[in-house]
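Structure assessment
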Amino acid sequence: DAWLADVGYAAVVCRDCFPDLYAELVQRTRAGATEAQLEDLICTAISQRLGVDVGSFEMLAFGPPLEPIGLPTGEPEFFETAQFARERAVLALFGVTSCYWDDDRAFHRAQSIAEVIADELQDRDPDVVCLLRYVFSATGNTLCDYAWEELVEAGFEPLTWTPEDIAFHQELHADANRVYTKPSSKFGNSR
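Definitions and cut-offs
- Sequence order as written defines the numbering, with residues in each chain counted from 1.
- Since the coordinates come from a predicted model, pLDDT governs what is reported: local features require at least 70, and pairs of side-chain atoms require 80 or more to be given and counted, while whole-chain, interface and lining totals use all residues.
- By convention in this description, side-chain values take in all heavy atoms of the structure and omit both hydrogens and water.
- What makes a salt bridge here is a side-chain nitrogen of Lys or Arg within 4 Å of a carboxyl oxygen of Asp or Glu, nothing more.
- Burial classification: accessible surface area is computed with a 1.4 Å probe over protein chains only, and a residue below 20% of its type maximum counts as buried, one above 50% as exposed, and the rest as partly exposed.
- Stacked, tilted and edge-to-face pairs are distinguished by plane angle, under 30 degrees for stacked and over 60 for edge-to-face with tilted covering the rest, among Phe, Tyr and Trp rings (Trp via its six-membered ring) whose centres lie within 6.5 Å.
- In this analysis, axes come from line fits to C-alpha atoms, helices being fitted only over the stretch in contact, and the angle between any two N-to-C directions falls in the range 0 to 180 degrees.
- Under the DSSP-based scheme used, a helix requires at least four consecutive residues in state H or I and a strand at least two consecutive residues in state E, with every element numbered from the N terminus.
- Working definition: roughly parallel below 35 degrees, roughly antiparallel above 145 degrees, roughly perpendicular at 65 to 115 degrees, and oblique for all remaining angles.
- Residue contacts follow a heavy-atom distance rule, with two residues in contact if any of their heavy atoms lie within 4.5 Å.
- Amino acid classes used here: Ala, Val, Leu, Ile, Met, Phe, Trp, Tyr, Cys and Pro are nonpolar; Asp, Glu, Lys and Arg are charged; the rest, including Gly, are polar.
- To form a nonpolar core, buried Ala, Val, Leu, Ile, Met, Phe, Trp, Tyr and Cys residues must be joined to one another through side-chain atoms within 4.5 Å.
- His is not counted here, nor are the chain ends, while Lys and Arg score as positive and Asp and Glu score as negative.
- What makes a crossing left-handed is the near helix being turned counterclockwise from the far one by less than a right angle; a clockwise turn instead makes it right-handed.

Counted by the stated rule, this structure contains eight salt bridges. Between R124 and E120 there is a salt bridge, with the nearest N and O atoms lying 3.0 Å from each other. You can call R124 exposed: its relative accessible area is 58%. When salt bridges with common partners are traced through the structure, they connect E115, D119 and R133 into a single cluster.

Quick look at the packing of aromatic side chains now. For the structure on display, the rule yields five aromatic pairs. Seen in terms of ring centroids, F78 and F84 are 5.1 Å apart; in terms of plane orientation they differ by 35°. Their pairing is tilted. Each of the two residues, F78 as well as F84, counts as buried. Connected via pairs of aromatic rings, a cluster forms that spans F78, F79 and F84.

The next subject is the packing of helix α5 (residues 85-93) against helix α7 (residues 126-135). Relative to each other, α5 and α7 sit at 90°, their axes nearing to 10 Å. With respect to their mutual orientation, α5 and α7 come out roughly perpendicular. In this structure, α5 uses R86, E87, V90 and L91 to contact α7, whose residues at the interface are L131, L132, Y134 and V135. Among the residues making up the contact of α5 with α7, the classes are represented as six nonpolar, no polar and two charged.

Among the nonpolar cores identified, the biggest contains 27 residues, and L91, V135 and F136 are the most heavily contacted of them. Residue assignment for this core shows that the elements contributing at least two residues are α5, α6 (104-121), α7, α8 (142-145) and α10 (163-187). In this structure, A11, C17, L41 and V52 belong to the second largest nonpolar core, which totals 22 residues.

Mapped onto the fold, D6 is located in helix α1 (residues 2-17). As a buried residue without a salt bridge, D6 has its nearest oppositely charged side chain in R15, at a separation of 16 Å. What D6 contacts, discounting residues up to four positions off in sequence, is F57 and E58.

This paragraph deals with the environment of F94. By the secondary structure assignment, F94 is in the loop between α5 and α6. C-alpha separation for the pair F94 and A147, spaced 53 residues apart in sequence, amounts to 21 Å. Not counting residues up to four positions away in its chain, the partners in contact with F94 are A110, I113, A114, I117, L132 and F136.

This part covers the packing of α6 against α7. At a minimum axis separation of 9 Å, α6 and α7 run at an interaxial angle of 160°. On the basis of the axis angle, α6 is roughly antiparallel to α7. The chirality of how α6 crosses α7 is left-handed. For the pair α6 and α7, the contacting residues are A114, E115, I117, A118, D119 and L121 in the first and P126, V128, V129, L132 and R133 in the second.

Among the ten residues in α7, eight count as buried, and that is most of the element. Of the positions making up α7, those classed as buried are D127, V129, C130, L131, L132, R133, Y134 and V135.

Written as structure tokens, this is what we have:
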């Protein structure tokens, strides 16, 4: 039975990474909880602990879910939608007005100039520094520097359900949120 395999895998994940949740899963299973109740219990609890959505048992098979928030500057659609107006405006200040792949030299030149400006402003305006580094994918945080498609193409290996990877996952997301929300509070949020 596929569901039994899913709940079995969820039990292993909980046992290895969330022992208190494992105990609750066992207790509710013995009390006769339905499949839907167990799935809701586990997915909701793990989502709350990780800060990202785990919508179903099936999602557990892919490891702790990552939510990249990097800009898809390599996609032509990035320059055609209203969603990223703030970021496109910053790129336009540096002469980047089309897809990264259309003129990668212009993008890299602009990226180098932005990094010099960011270094100069480091102590005076950290919000501008965060914005420049985010827009030019130079934050040093994988989730901020890559859009989902780029992350996959770069060969990023999925995290596993181990306490070490859970800690890394939480650190990665917390840093990404800090990098992203800091300039967003000053310049507006595009997502």
